[in-house]
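A structural walkthrough
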Amino acid sequence: MERKEFLKYLGVGSGIVAFTPVLLACNSEVKEGFVMPQNAFTQPLHFPEEIRANDFDLVAESTQKTLAGDAPSDIFTLNGALPSPTIRIKRGQLLNINFQNRIAQESILHWHGLIVPPAMDGHPKDAVPPGQNYNYHFDVDQRAGTYWYHPHPDQLTGPQVYRGLGGFFIVEDEEEQALGLPSGGRELPLIVQDKQLNRSGRLTYNVGRMERMMGFFGNTLLVNGQRAPYHELSTSWHRLRLLNGSNARVLDFSFSDNSPFYVIGSDGGLLEQPHEISSIRLAPGERADLLVDFSAYDTGDSVYMVAKARNNSGGMMERMHGRGTRRGRGRMMSGAKNIPEGQAKILEFRITKDEQDAFQLPQKLSETSFPTPADADRSRRINLTMEMMQGPAIDGKFFEMMRVDQKVPRGALEVWEFTNNTMMPMPHPMHIHATQFKVLERSGGELSPHERGWKDTVLVGADETVRVLTKFDAPKGLYVFHCHNLEHEDNGMMANFEIS
Ligand code: C2O
Ligand code: CU
Ligand code: CU
């Protein structure tokens, strides 16, 4: 679809029908974006409970919980918890997990970032109906890192993650242990998600044509399922495992005083060495492992973690907002009120205790041992396309359960080149199952430090081409790759690849 046609479809210059409400909303647009409560930072931050076992049940249920305000929200829990429990396991262990689906829709769990056999991967074809179980048994044999898990049923991933299913899957190994990174109370798993809460604080999720096109965006940011919590800590080093678990929102994270911190790990575990940064961008599905030195603070100080909405990344949105381009376009796009911009303080760190810290930041963290691009067996072009009136797709097609879209010989080393041709100023976090890859380059700019580590999800910005190098060593069978904007995924921006 040509951009011209697309703008026509959106109604620019053609007197449209479909987006009239959006256009009307132009003037009353809530520019500041996130609505944070008056009684912010009064609740202590909760951490997901941990499962450190090899053999356990995960029971999905629907229930109600008050997230903010007075009104209870309809949510899904695993083992009664929101967010879902953190699974923590040592490399080399065999897991046996009995997933019990007790919600009123089909479901299946996927272990995002783990390389497991096809029947263990949570392919949508394996979704089980309400009341049934799915048994997982697989070896965890990969680098220590911050992985995660979430449901993956066809067309229902968005609503199920949105209502609370999904948690960390932390793998530990000896190499990492030897570094003596902050652990226990100094290791903070943080899952950040935007949600739409109505006036009474009830969670809403209405997906219409606009959301299928752009993704679902909330007006509030939750950390571990809580709105504006605080956490008390000492003047010592802390490790933050950060997951953007939003359905569609890309976020830039930083501290309110802009203090620097270190990124030490990406989707697939430790980087070669720590990189000092002051802001990090994570798209839905991406994780980062951070080290923060709180020794510069005094007891009584507070510093906030800040998240900034970045779905306008790549500058396209700014251009569309009318800076230097046709006014019509600008007005049109700023009318997309379900993509509030702006930023919010999402978590307060209160320094409450003076504590000496023996931890020394290591110069060297790990060996990444990437393959060389020159050794690649072949390269493939994956076109992210826009289908008239139906939303973004892959190579002009929507997901079909059993259609094989790419065939990959087992053991092949390949370059996959994702080109964002979806016309809208819309980024797509592309995720490939059953592998970790190396990002070779992005046409729109430099790779950020965490993008230089092992990755399973990479943001393909508006108009960008991103090349990744990946070796397909997973067992033979059918896997998916898709956009991790969950409304895009549910709408069919997903494809099968078969390792054979
Ligand atoms: Cu995290 Cu196929 O997804
Ligand atoms: Cu995945
Ligand atoms: Cu997408």
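Structural data are supplied above this passage.
Please read all numbers here as calculations on a predicted model, not as lab measurements. (Residues numbered from 1 in each chain as written. Chains lettered and ligands numbered in written order. Predicted model: local features only at pLDDT ≥ 70, side-chain atom pairs only at ≥ 80, totals over all residues. Heavy atoms only, no water.)

This brings us to the nonpolar core. In this structure, L190, L240, F253, I280, M305, I346 and F349 are the most contacted members of the largest nonpolar core, which totals 33 residues. Broken down by element, this core gets its largest block of residues, five residues, from strand 23 (residues 343–353). Look past the residues within four positions of I280 in its chain and what remains in contact with it is L251, D252, F253, F261, V263, A288, L290 and H450. Counting residues in each nonpolar core, the second largest holds 29 residues, with L109, A127, L165 and F169 among its members. (Core = buried A, V, L, I, M, F, W, Y, C linked by side-chain atoms within 4.5 Å. Buried < 20%, exposed > 50% of the residue type's maximum accessible area, 1.4 Å probe, protein only. Helix = DSSP H or I, 4+ residues; strand = E, 2+ residues; numbered from the N terminus. Contact = heavy atoms within 4.5 Å.)

Let's shift gears to the coordination of the copper ion (ligand 3). Within the first shell, the copper ion (ligand 3) binds the protein through H428 (ND1), C483 (SG) and H488 (ND1), at distances of 2.0 to 2.1 Å. When the donors of the copper ion (ligand 3) are listed by position in the chain, the intervening gaps give H-x54-C-x4-H. For the pair C483 and H488, a shared accessibility class is recorded, and that class is buried. (Donors = N, O, S within 2.8 Å, 3.2 Å for Na, K, Ca; no water.)

A sheet is described by the order of its strands in space; here five strands give the open sequence 25-24-27-31-29, paired in mixed fashion. Here the strands that pair on one side only, and so sit at the sheet edges, are strand 25 (391–394) and strand 29 (437–442). Across this sheet, the average inter-strand angle for adjacent strands is 20°, counted without regard to direction. Sheet topology places strand 24 (residues 378–387) next to strand 25; four bridges connect them, and they run antiparallel. Within the sheet, the bridge partner assigned to M386 lies in strand 25 and is P392. (Pairing = 2+ DSSP bridges. Axes fitted to C-alpha atoms, helices over the stretch in contact; angles between N-to-C directions.)

Ligation of the copper ion (ligand 2) by protein atoms is provided by H110 (NE2) and H431 (NE2), these donors lying 1.8 to 1.9 Å from the ion. Here the residue H110 occupies a position in strand 7 (residues 109–112), and H431 occupies one in strand 28 (residues 428–432), the gap between them amounting to 321 residues. Residues H110 and H431 agree in their burial class; the two are buried.

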